[in-house]
Amino acid sequence: MCSKTVSSLSKEKTMNSDFVRDEDERPKVAYNQFSNDIPVISLAGLDLDGSRLEICSKIVKAFEDWGIFQVVDHGIDSALISEMTRLSRVFFALPDEEKLRYDTTGGKRGGFTNSTHLQGDSAKDWREFVTYLTYPINARDYSRWPDKPDGWRSITEAYSEKMMALSCKLLEVLSEAMGLEKEAVAKACVDLEQKVIVNYYPTCPEPGLTLGCRRHSDPGAITILLQDQVGGLQATRDGGKTWITVEPVEGAFVVNLGDYGHYLCNGRFKTADHQAVVNSTSTRMSIVTFLYPAPSALVYPLKIKEGEKAVVEETITFAEMYKRHMSRHVEGASQRILAKEKRLQEKATMDMQSKNADIKM
Ligand SMILES: O=C1C[C@@H](c2ccc(O)c(O)c2)Oc2cc(O)cc(O)c21
Ligand SMILES: O=C(O)CCC(=O)C(=O)O
Ligand SMILES: [Fe+2]
């Protein structure tokens, strides 16, 4: 296993085999073959009676069709977004030793992760990321927030505060969409938790063989993602048969529903399966804000329509759901490893048989 950061590996001519994915997992669509299938929705007028209903119905349709959409006119200051982006880029350009001062190896909560964070996966992700546990505020451990570059900590605080306000507005829309009072989803969450992850995808010598971030759905209620103009975020709504690359829209955030959100509305809204692909010419960055319920919150539909069955078989806590969500990926990965070993074994047997047949002739 190699321990160099992905930034260092990106300077090599070929890609380390740790990152090579099985054929069925490799990218099917290019990072810059953009699709505008995902709706772009303006939030201008969301707080006004006259336009709220129209905006909400667009969001509802997007959640029903894709589980993912983009928002513009969201009210977040573009100077704050640019500064958060600029300082994040400065961090990832620092020497390995500096980034590794915040290494999360050994289970530290928050800090710098080089490549993958899951055990037993068939390949590593071509990415580095920094994780901030930002809410509840009293759970923040500032010793895990990088102190370089200057000013990044305070900008991250300001950014996470604005993201929390935007998330709350979106939770209200989700509640109303289910015909419930505005606060229903926030109340179900017991306490809102927030995690900000800054993903950095260095250029890759063999991007067709790997992924920047493996296919997954996000576990929480909703996720608000800021991507740069390079492109690489992909979504599927047919279980991975076809993929689309989400077109980067300047100043927009990509919003997607997580598994917890999907269960709350009894499966009416989709949880979007997505992944990130990389390329050989441009580095890419995404700043992802996850909104989670408290670990003790129950995972159960808030409303079940007459005649409908609950999509969950038992009521569990979010902590348990999160554990199962993560182990599902690990189980899937171990199955892929076993299948790969079986294929190699079968190929070796077939090669041996045809060699023996050649000798007999
Ligand atoms: O790193 C991530 C991104 C994302 C995710 C990636 C890969 C997966 O297999 C997955 O299930 C999720 O969402 C996350 C959510 C977290 O709570 C922590 C993470 O590090 C990540
Ligand atoms: O970088 C991206 O566009 C996707 C990242 C992502 O899905 C995640 O961090 O959960
Ligand atoms: Fe994600």
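Placed above this text is the structure.
Just so you know, these numbers come straight off a predicted model, no measurement behind them.

For the rest of this paragraph, the subject is the nonpolar core. In terms of nonpolar packing, the biggest core is built from 78 residues, with Ile59, Phe63, Phe69, Phe253 and Tyr260 touching the most fellow members. Here this core takes 11 residues from helix 5 (residues 152-177), the largest share from any one element. In contact with Phe69, other than residues within four places in its own chain, are Ile38, Pro39, Ile41, Ile59, Ala62, Phe63, Leu170, Phe253, Val254 and Val255.

Taken as a whole and assessed by the stated rule, the structure comprises 22 salt bridges. Between Lys61 and Asp65 there is a salt bridge, with the nearest N and O atoms lying 2.6 Å from each other. A residue pair is termed a helical-turn pair when its members lie 3 or 4 positions apart in one helix, as Lys61 and Asp65 do in helix 2 (residues 49-65) at four residues. Members of the salt-bridge network, linked through shared partners, are Arg21, Glu25, Asp125, Arg127 and Arg214.

Before going further, it helps to examine the pairing of strand 13 (residues 284-292). Counting buried positions over the nine residues of strand 13 gives nine, a clear majority of the element. Both faces of strand 13 are covered, namely the face carrying Arg284, Ser286, Val288, Phe290 and Tyr292 and the face carrying Met285, Ile287, Thr289 and Leu291. Pairing of strand 6 (residues 193-201) with strand 13 involves nine bridges; the strand directions are antiparallel. Bridge pairing in strand 13 places Asn199 opposite Ser286.

Glancing now at the coordination of the iron ion (ligand 3). Around the iron ion (ligand 3), the protein contributes the donor atoms His216 (NE2), Asp218 (OD) and His274 (NE2), which lie 2.1 to 2.3 Å from the metal centre. The sequence motif formed by the donor residues of the iron ion (ligand 3) is H-x1-D-x55-H. Linking His216 in strand 7 (residues 213-216) with His274 in strand 12 (residues 273-276), this pair joins segments that are 58 residues apart in sequence. Of the two residues examined, His216 and His274, each falls in the buried class.

Taken together, eight strands build an open sheet; the order of strands is 2-3-11-8-13-6-5-4 and the sheet is mixed. Unpaired on one side and paired on the other, strand 2 (40-42) and strand 4 (111-114) mark the two borders of the sheet. On average, each strand axis in the sheet is inclined to that of its neighbour by 25 degrees, with strand direction left out of account. Pairing analysis gives four bridges linking strand 3 (residues 68-72) to strand 11 (residues 253-257), with the strands arranged antiparallel. Bridging across to strand 11, Phe69 finds its partner in Val255. Contacts from helix 3 (residues 78-92) reach strand 4, strand 5 (128-135), strand 6, strand 8 (222-227), strand 11 and strand 13 within the one sheet, and its direction differs from that of strand 13 by about 115 degrees.

Looking now at the environment of Leu53. Checked against the element boundaries, Leu53 lands in helix 2. Taking the C-alpha atoms as reference points, Leu53 and Glu176, separated by 123 residues in sequence, lie 9.8 Å from one another.

Around ligand 1 sit 15 residues, and of these Arg127, Lys195, Tyr292, Tyr322 and His325 come closest. In this structure, an oxygen atom belonging to ligand 1 sits 2.6 Å away from a side-chain N or O atom of Lys195. Contact between ligand 1 and His325: an oxygen atom at 2.9 Å from a side-chain N or O atom of the residue. For the shell around ligand 1, the elements supplying multiple residues, two or more each, are strand 6, strand 7, strand 13 and helix 8 (318-360). Grouping the amino acids of the shell around ligand 1 by side-chain chemistry returns seven nonpolar, four polar and four charged.

On to the side chain of Thr236, then. Mapping Thr236 onto the fold places it in strand 9 (residues 233-236). Within the structure, the side chain of Thr236 is placed 3.0 Å from the backbone nitrogen of Gly240, a separation counted as a polar contact. Among the polar contacts made by the side chain of Thr236, one reaches the main-chain carbonyl oxygen of Thr242 at a distance of 2.8 Å. When near neighbours in sequence (up to four residues on either side) are disregarded, Thr236 contacts Trp66, Lys241, Thr242, Trp243 and Asp273.

With that out of the way, let us pick up the sheet that holds strand 1 (residues 34-35). The five strands lie next to each other as 1-10-9-12-7, forming an open sheet whose pairing is mixed. Edge positions in the sheet fall to strand 1 and strand 7, since each of these pairs with one other strand and no more. Across two bridges, the pairing between strand 9 and strand 10 (residues 244-246) is antiparallel. Each bridged residue has a counterpart across the sheet, and for Gln234 the counterpart in strand 10 is Thr245.

Next up on the list: the packing of helix 3 against helix 5. At a minimum axis separation of 10 Å, helix 3 and helix 5 run at an interaxial angle of 135 degrees. Considering their axes alone, helix 3 and helix 5 lie oblique with respect to each other. In terms of crossing hand, the pair formed by helix 3 and helix 5 is left-handed. The segment helix 3 lies against helix 5, with Leu80, Glu83, Met84, Leu87, Ser88 and Phe91 engaging Trp152, Ile155, Thr156, Ala158, Tyr159 and Lys162. For the contact of helix 3 with helix 5, the residue count by class is eight nonpolar, two polar and two charged.

Moving on, we come to the site of ligand 2. Looking at ligand 2, the residues that line it are Asn199, Tyr201, His216, Asp218, Leu225, Leu233, His274, Ala276, Arg284, Ser286, Val288 and Phe290. Between an oxygen atom of ligand 2 and a side-chain N or O atom of Asp218, the distance comes to 3.3 Å. One nitrogen or oxygen atom from the side chain of Arg284 is found 2.8 Å from an oxygen atom belonging to ligand 2. Isolated, ligand 2 exposes 300 Å² of accessible area, and the fraction of that covered by the protein chains is 98%. A total of four residues in the shell around ligand 2 trace back to one element, the largest contributor, which is strand 13.

So, how was this worked out
- Residues numbered from 1 in each chain as written.
- Chains lettered and ligands numbered in written order.
- Predicted model: local features only at pLDDT ≥ 70, side-chain atom pairs only at ≥ 80, totals over all residues.
- Heavy atoms only, no water.
- Core = buried A, V, L, I, M, F, W, Y, C linked by side-chain atoms within 4.5 Å.
- Buried < 20%, exposed > 50% of the residue type's maximum accessible area, 1.4 Å probe, protein only.
- Helix = DSSP H or I, 4+ residues; strand = E, 2+ residues; numbered from the N terminus.
- Contact = heavy atoms within 4.5 Å.
- Salt bridge = Lys/Arg side-chain N within 4 Å of Asp/Glu carboxyl O.
- Pairing = 2+ DSSP bridges.
- Donors = N, O, S within 2.8 Å, 3.2 Å for Na, K, Ca; no water.
- Axes fitted to C-alpha atoms, helices over the stretch in contact; angles between N-to-C directions.
- Near = heavy atom within 4 Å.
- Polar contact = N/O pair within 3.5 Å; in protein donor to acceptor, adjacent residues only side chain to side chain.
- Nonpolar A, V, L, I, M, F, W, Y, C, P; charged D, E, K, R; others polar.
- Parallel < 35°, antiparallel > 145°, perpendicular 65-115°, else oblique.
- Left-handed = near helix turned anticlockwise from the far one by under 90°.
- Areas by Shrake-Rupley, 256 points an atom, 1.4 Å probe, with all protein chains shown as cover.

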